[in-house]
Structures are given as C-alpha cells and as structure tokens.
Amino acid sequence: MSFLTAIFWDTNPIFFTVLGYELHYYTLCFMLAFLVSYVVMLKVFRRENKSQELLDQLSIYIFVGTLLGARLGHCLFYEFDYYKDHLLEMFLPFRFEDGQFRLTGFHGLASHGGGIGILIGLYLYSRKTKMDFIWLADRLAIVVAAAGSLIRLGNFFNSEIIGLPSGLPWAVIFARVDDIPRHPAQLYEAIAYFLIFLLLWVLYKRSSSLKRGQLLGILFVTMFSVRFLMEFIKENQEAFEDSMNLNMGQWLSVPFLLVGFYLIFRKNKKVDQIPATAGKGKRK
C-alpha cells in the first residue's frame, strides 16, 4: 500500500479561536446545515402559501428535536453501558471522573437518533399548529439529505467516522488518527446525500402533485441504503460492534428502510397538489 498515492489530511478541526472560544468546522457545518435547510424550506413554504412565521416556529422544533435526538441516540445506542449510570451527563458537556469534572463537550451525536428526534419534533409541531404531519414530513424530507451532507463534511474536518484501510488513489491518511490510507467514508456519504437532495428537489419542483408520503419514503430508502452500505467500509464506532455481523448503524437503518418502502409502495390514492409558482401567503 503506497503512501505516495494517498491524500494527507491533517487539518486542525478548529476553524478559529476568539477570546478563548473555539469554533470547530463541525459546528460551522452544523450551523450551515440548518441555514441551508431554512432557505430551501422558505422557498417551499412560499410556493405553497404558508407563512414564514410558521416556518420559524417549525425551525425551533426541528433544531431542538435534532440535537436532543442525536445526543440521546448516541448515549442510548452506542454508550449505554456508561450513560445508564450517568444519566445527567447525557445533557451536560462534561464527565465526572477521578473525583473531578472533565470538560468533554457533546462529543457523541447519532444521526439515527437525530432522525427520530426530527420526527418527534415534527409530530409535536403538527399537533400544535394543526398542520398535516405527512405534508410537513414530505417537505422537510427535501432538506434532510442536504443537512446530512454538510454534517458528514464536518465529520471529515474532525477526522472522525473514518473508513477502512484502502489502496485507492483517493484514499486519505487521517494524520490525527494514524498513518494508514483509508476510504474517505465521510466524503462518500456527503456526496451521496447531496445527490439525494438534488433528486428530491427536482421531483418536488417538477411535480404538480405528489402521492402523500412519497418524498419521505424516497428519502428513507435512499439515505439509509447509503448508510447501510457505507458501514461495510467504515471502522466501527464502538468496540462492542466488532462482534456483530451488522453494526449498530446498520441495524438502526433497517426500520427506516422498511418504513420507506411502505410509504413508496403502499396503495394510497391521496395526493398533495403543488402550486406551479410561488404563492402570495404571508411573508413575515
């Protein structure tokens, strides 16, 4: 395995430091994910005569749902043995070890947990506003893959969620991890998720009507198929996964895949009509 054909990656994960505060590339990508999602969803809401005020409220529910879901997902799915005895630390950026507090930050976020958190937040929002849950889920599905793409880019800057050793000419040596050329699995996922976003956006823009649940179903099937397959070329995130035929990420993808296939192929005559041009709803 020749190092001459590998890409050397040793970028500092900290974007900049001001007054002792460190802004990481991952945090920047996370914020960009929400910004891009908001801009695209604003176009959707305006096209379908929904007010920006409703979108602002939705954004709060999704933001909180994403963070809580992703954090709890990591703690419960990947480090349950530790957090079952340290429940409070699920919500705190430090650990109590050797008689003292050690600042760790929220180092663990799980995308499957984030997905569940988004759906819960969406359900709570739909109950409060009386907006249709499936209508919201279909529209939000458009931007989820774009957000996932940016977050995986953040993982690349962090040199985390790395791939298995590879001799391919585009293999990457993550110098902050080891000196072995590896699959840049984060970039593979980032590119795949961006293409899924383009697919969903084109389907939405070019359609005058959509079967209810169709966009959500396509998102689940495509995104979690990518996630399932990519796990075969990625290092396991936790040691307990080494003894599993399928790792935790793959098992957690299965329910999303099943729901996705159901939404796509179920017999449903109900459709959502989509205006051809932007509406003139409230734009606060």
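Residues numbered from 1 in each chain as written. Predicted model: local features only at pLDDT ≥ 70, side-chain atom pairs only at ≥ 80, totals over all residues. Heavy atoms only, no water.

(A) Highlighting the overall build of the protein. Across its full length, the protein holds eight helices and nine strands. Residue burial in the protein is summarised as follows: out of 284 residues, 46% are buried. For the protein, the proportion of contacts with a sequence separation of at least 24, taken over those separated by at least 6, is 68%. When the accessible surface of the protein is split by element, carbon and sulfur atoms take 66% of a total near 15,100 Å². (Helix = DSSP H or I, 4+ residues; strand = E, 2+ residues; numbered from the N terminus. Buried < 20%, exposed > 50% of the residue type's maximum accessible area, 1.4 Å probe, protein only. Contact = heavy atoms within 4.5 Å. Areas by Shrake-Rupley, 256 points an atom, 1.4 Å probe, with all protein chains shown as cover.)

(B) Broad picture of the sheet that holds strand 1 (residues 7–9). Reading across from one edge, 1-6-7 is the order of the three strands in this open sheet, with mixed pairing throughout. Single-partner strands in this sheet number two, and they are strand 1 and strand 7 (181–182). The sheet contact formed by strand 1 and strand 6 (residues 172–174) spans three bridges and is parallel. By the bridge assignment, Phe8 is partnered in strand 6 with Ile173. (Pairing = 2+ DSSP bridges.)

(C) Layout of the side chain of Arg139. On the secondary structure map, Arg139 appears in helix 5 (residues 133–157). Residues in contact with Arg139, not counting those within four places in the same chain, are Met41, Val44, Glu48, Tyr204, Asp272 and Ile274.

(D) The pattern of salt bridges, seen in detail. Per the stated rule, a full pass over the model turns up nine salt bridges. Among the ionic pairs, Glu189 bridges to Arg152, the shortest N-O distance being 3.2 Å. Taken together, the residues Glu189 in helix 6 (residues 185–205) and Arg152 in helix 5 connect sequence positions 37 residues apart. On the basis of relative accessibility, which here comes to 7%, the residue Arg152 falls in the buried class. The residue Glu231 makes a salt bridge to Lys234 at a minimum N-O spacing of 2.7 Å. Accessibility classification places Glu231 together with Lys234 in one group, the buried group. (Salt bridge = Lys/Arg side-chain N within 4 Å of Asp/Glu carboxyl O.)

(E) Highlighting the nonpolar core. Membership of the largest hydrophobic core comes to 43 residues, with the highest contact counts inside it found for Leu58, Leu136, Ile142, Ile196, Tyr204 and Leu219. For this core, the elements supplying multiple residues, two or more each, are helix 1 (25–47), helix 2 (52–77), helix 4 (111–129), helix 5, helix 6, helix 7 (214–230) and helix 8 (248–265). Once residues within four sequence positions are removed from consideration, Ile196 is found in contact with Ala145, Leu219, Thr222, Met223 and Val226. Judged by nonpolar contacts, the second largest core, of seven residues, contains Trp9, Tyr25, Phe156 and Ile162. (Core = buried A, V, L, I, M, F, W, Y, C linked by side-chain atoms within 4.5 Å.)

(F) The arrangement of a nonpolar patch on the surface in detail. Judged by side-chain polarity, Ile60, Phe63, Val64, Leu67, Leu68 and Phe91 come together as a nonpolar surface patch covering roughly 520 Å² of accessible area. Inspection of the secondary structure puts Val64 in helix 2. (Patch = residues over 30% accessible without salt bridge, like charges linked within 9 Å, V, L, I, M, F, W, Y side chains within 5 Å.)

(G) Just the pairing of strand 3 (residues 21–24), in detail. Both strand 2 (residues 14–18) and strand 3 contribute to a ladder of four bridges, which runs antiparallel. Its bridge partner lying in strand 3, Val18 is registered against Tyr21. Where strand 2 folds back on strand 3, the antiparallel hairpin that results is connected by two residues, among which Leu19 adopts a positive phi of roughly 55°.

(H) Expanded view of helix 5. The end-to-end C-alpha separation of helix 5 is 35 Å, in line with the 36 Å expected for 25 residues at 1.5 Å each. At Ala141, helix 5 shows its largest kink, close to 35°. Within helix 5, 21 of the 25 residues are buried, which leaves it mostly tucked inside the rest of the structure. N-capping of helix 5 is provided by Asp132, with a side-chain oxygen placed 3.2 Å from the backbone N of Ile134. The positive-phi residue at the C-terminal boundary of helix 5 is Ser159, with phi of around 55°. (Expected span 1.5 Å × (residues − 1). Bend = angle between axes of the 7 residues up to and from the residue. Polar contact = N/O pair within 3.5 Å; in protein donor to acceptor, adjacent residues only side chain to side chain.)

(I) Layout of the environment of Lys211. Along the chain, Lys211 turns up in strand 8 (residues 209–211). Those residues within four positions of Lys211 in sequence are excluded, and the remaining contacts are Asp138, Leu263, Ile264, Phe265, Arg266, Asn268, Lys270 and Val271. Within the structure, Lys211 has its side chain in polar contact with the backbone oxygen of Arg266 (distance 3.4 Å).

(J) Broad picture of the environment of Ile274. Looking at the element boundaries, Ile274 is found in the segment after strand 9 (271–273). Separated by 64 residues in the primary sequence, Ile274 and Leu210 place their C-alpha atoms 7.7 Å from one another. Beyond its immediate chain neighbours, meaning those up to four positions away, Ile274 contacts Arg47, Glu48, Arg139, Tyr204, Ser207, Ser208, Ser209 and Leu210.

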